[in-house]
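Now for the letters of each chain:
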Amino acid sequence: MSSEHEIENLSHESRSFAPSAEFSKSAIAQPNIYQDSKANRLEFWADRARELDWSKPFTQTLDWSNAPFAKWFADGELNVSYNCLDRHVEAGFGKRVALFFEGEPGDTKVYTYLDLLIEVKKAANVLLKLGVTAGDRVAIYMPMIPEAIIAMQAVVRIGAVHSVVFGGFSADSLASRIQDAEAKVVITADGGFRKGKASALKPAVDEAIADGKCPSVTNVLVVKRTGQDVAWNSSLDLWWDEEMHVVENEHVAQGFNAEHPLFILYTSGTTGKPKGILHTTGGYLTQAAFTHKNVFDLHAAQDIYWCTADVGWITGHSYVAYGPLANGATQVIYEGTPDSPDWGRWWDIVQKYHVSILYTAPTAIRSFMKIGSSVTKHYDLSSIRVLGSVGESINPEAWMWYREVIGSSKAPIVDTWWQTETGAIMVSPLPGITHTKPGSAQVAIPGIEISVVNDEGQEIQAGHGGYLTITEPWPSMLRGIWGDPERFKETYWSRFEGKYFAGDGAKLDEDGDLWLLGRVDDVMNVSGHRLSTTEIESALVSHPFVAEAAVVGAKDETTGQAVVAFVILRRSQLDHIGSEADTSKILREHVAKEIGAIAKPRTIFVVAELPKTRSGKIMRRLLRDVAEDRPIGDVTTLADTSVMDTITGRLNDGASD
Ligand code: WTA
């Protein structure tokens, strides 16, 4: 049996949900958008770009002559911050709320578009005063507070390039990112509030730049958030507030070339060294704004939009700091964790601000599912009309729970597939058009061309599985890896001739809808059969006993790889669950029933927690270490570094099956 044949036989959902006629009628995206984009793809994108304000209009849409280095709208000029702020104020929307900020301790702050514009202008003047000029890099290491967005907007307003480093990264990771980008200024805060406590940030910056490790840094700007004590280096450190106080309110934004660098965002690859993914100005904003408006059906004057991502990740760039502001949206930002002070916090925020569009990650959805609807039922979630999912495949059970419990069985769910590298959403249903299927990301958005190919790079047919590739350049594509053009070509363009390889496995169902199967390094090969970790996890989670599951391929002498599963059992079911050996047997049979005997896990470990990064991604590498019975690797990027001790300690006690 070929490996493709195996994928073909894997089960998938056949349910689908049609949009309501009422939703479709007033939806931003109308069905002709697909034909229009196909009829003239480049003109379609040029028209989208023209919805922005260009200080110098472009005459050329795409220059692909030096592939894979694309130039979009190359002779045009625009200012991203002007497009996100000034133009809305000039159009008379200065009083519209841009940000509702909810601090974890319960403090709040509201910024209108005019307020935000003034803050960004002042911050731009502060940076200019510190000698930051167009093209210079600025590192941002902040909690999820309005100043993070103000800082990002201010940096790009003056044509400088930001590198936002997620606040959960260590001093070492911060240092290597500052060094790689040779950042001139670091913007940080004393700390932020997380899980009911002040969590310090400034010490990591101090440590990162200590002993001359980051000689490029000439100043550190510090926002006072928690009021905790900070060590002070008077030759570098400046309080944000004091600097903001003494600069002018006025700053006239100048246009920059469409291909001017906008930001760098580091993402981990298969090697140890993180890659600085480079995005540029015009194409990035075009696709971030277009997708934000059409995929989430944003009606800017009415909707309250909330994306729960931190600005430290690409989702927090495209769908917090840029897309929503470019579209004049009103959005909520929240500083803390979903369980602070209790698991009702998010739903309290939805109720309080009447959130109508919610964009979050499957891992969060599954956590809420685990807690159960006893929490959500205390809140009025009736304002919600569109739900989004991003970051990993959403298993059908979580999708259904999201739909029924959060979306009152009416809000369309958009499962959006994209990457740091793609800059914006690439594959997703469009609400009001697509008949959504639980667990499928479905189709390329208008203007995007994808192809699922086999090992030889040939397009596969509906009903088969293979590798997800992107076959035509797109406006918000990465323009390279900072300082390493060769690595850019090698990583993304060498596997399949002329195609961008995304690193994800995918299959097309009989309708031609796309189902993501996880990174190909997460696709296992058992006795020559290709199996997806995602699909087995999904099967496990579909059993009533299981709250969460992670599957890895462990080396196996006989079969090449073997399926090893780690499961967290559902608290509410504990009374019905027998011994661990029985549970394991039941779950193995369940997987066999759902997918086939080939997919049955060799071993199932019952655990209390799974090792996750702060962004919620399961660290399969660490689970593979456990499964293959070798010392656990580097755990520093885990949200909770003690999780692996708990797992291995328990297993060594002989508690596993
Ligand atoms: C995965 C996050 C399935 C995928 C925006 C991709 C998804 C990687 C989905 C990029 C989805 C993201 N369904 N898988 N809807 N969205 N992924 O760079 O493996 O943090 O390659 O960007 O996340 O992760 P990144």
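In this convention, every chain numbers its residues from 1, walking through the sequence in written order. Thresholds applied to this predicted model are a pLDDT of at least 70 for local features of residues and 80 or more for the giving and counting of side-chain atom pairs; totals over whole chains, interfaces and linings are not thresholded and use all residues. Each side-chain value is worked out from all heavy atoms of the structure, with water and hydrogens disregarded.

A.B. asks: Explain the packing of helix α18 (residues 533–541) against helix α19 (residues 580–594) to me, please; I cannot follow it from the model alone.
C.D. replies: Geometry of a packed helix pair, given as the angle between the helix axes and the separation of the axes. In this description, a line fitted to the C-alpha atoms serves as the axis of each element, helices being fitted only across the stretch in contact, and the angle between N-to-C directions of two axes falls anywhere from 0 to 180 degrees. The secondary structure listing takes helices from DSSP runs of H or I that are at least 4 residues long and strands from runs of E that are at least 2 residues long, numbered from the N terminus. The N-to-C vectors of α18 and α19 enclose an angle of 120 degrees; their axes lie 9 Å apart at closest approach. One finds that α18 runs oblique with respect to α19. As α18 runs across α19, the sense of the crossing is right-handed. Touching Ile536, Ala539 and Leu540 of α18 are Leu587, His590, Val591 and Glu594, all from α19. Working definition: roughly parallel below 35 degrees, roughly antiparallel above 145 degrees, roughly perpendicular at 65 to 115 degrees, and oblique for all remaining angles. In a left-handed crossing the near helix is turned counterclockwise from the far helix by less than a right angle, and in a right-handed crossing that turn is clockwise. Contacts between residues were defined by any pair of non-hydrogen atoms, one from each residue, lying within 4.5 Å.

A.B. asks: Help me understand helix α14 (residues 362–371), please; the structure alone is not making it clear to me.
C.D. replies: It helps to recall that an α-helix has 3.6 residues per turn; residues three or four apart then point in one direction. With a 1.4 Å probe rolled over the protein chains alone, any residue whose accessible area is under 20% of its type maximum counts as buried; one over 50% counts as exposed, and the rest are partly exposed. Counting buried residues along α14, eight of its ten residues qualify, which places the element largely inside the surrounding structure. All of the buried residues in α14 are Pro362, Thr363, Ala364, Ile365, Arg366, Ser367, Phe368 and Met369. Where the residues of α14 are buried, they touch α13 (345–353), β18 (357–360), β19 (386–390), α16 (396–406) and β28 (546–556). Backbone geometry just after α14 places Gly372 at a positive phi near 100 degrees.

A.B. asks: Please explain the domain arrangement of the protein chain as it appears in this structure.
C.D. replies: In many reports, interface size means the accessible area that the parts give up when they come together. The assigned domain composition of the protein chain is domain 1 (21–506) and domain 2 (527–652). The centre of domain 1, based on its C-alpha atoms, is set 31 Å off from the matching centre of domain 2. Taken together, the 20 residues of domain 1 in the interface contact 16 residues of domain 2. Buried area is understood as the total, over both parts, of accessible area removed when two parts are fitted together, assessed with a 1.4 Å probe. Summing the contributions of domain 1 and of domain 2, the shared interface buries around 1,500 Å²; its carbon and sulfur component is 51%. For the domain 1 face of the interface with domain 2, the top three residues by lost area are Thr363, Arg366 and Lys370, together amounting to 32%. Criterion for a salt bridge: a side-chain nitrogen of Lys or Arg within 4 Å of a carboxyl oxygen of Asp or Glu. On inspection of domain 1 and its partner domain 2, the count reaches one salt bridge. With a shortest N-O distance of 3.3 Å, Glu548 and Lys370 are connected by a salt bridge. Those elements that place two or more of their residues in the side of domain 1 that touches domain 2 are α14, α16 and β22 (465–470). A domain assignment, automatic or from a database, supplies the domain bounds used here.

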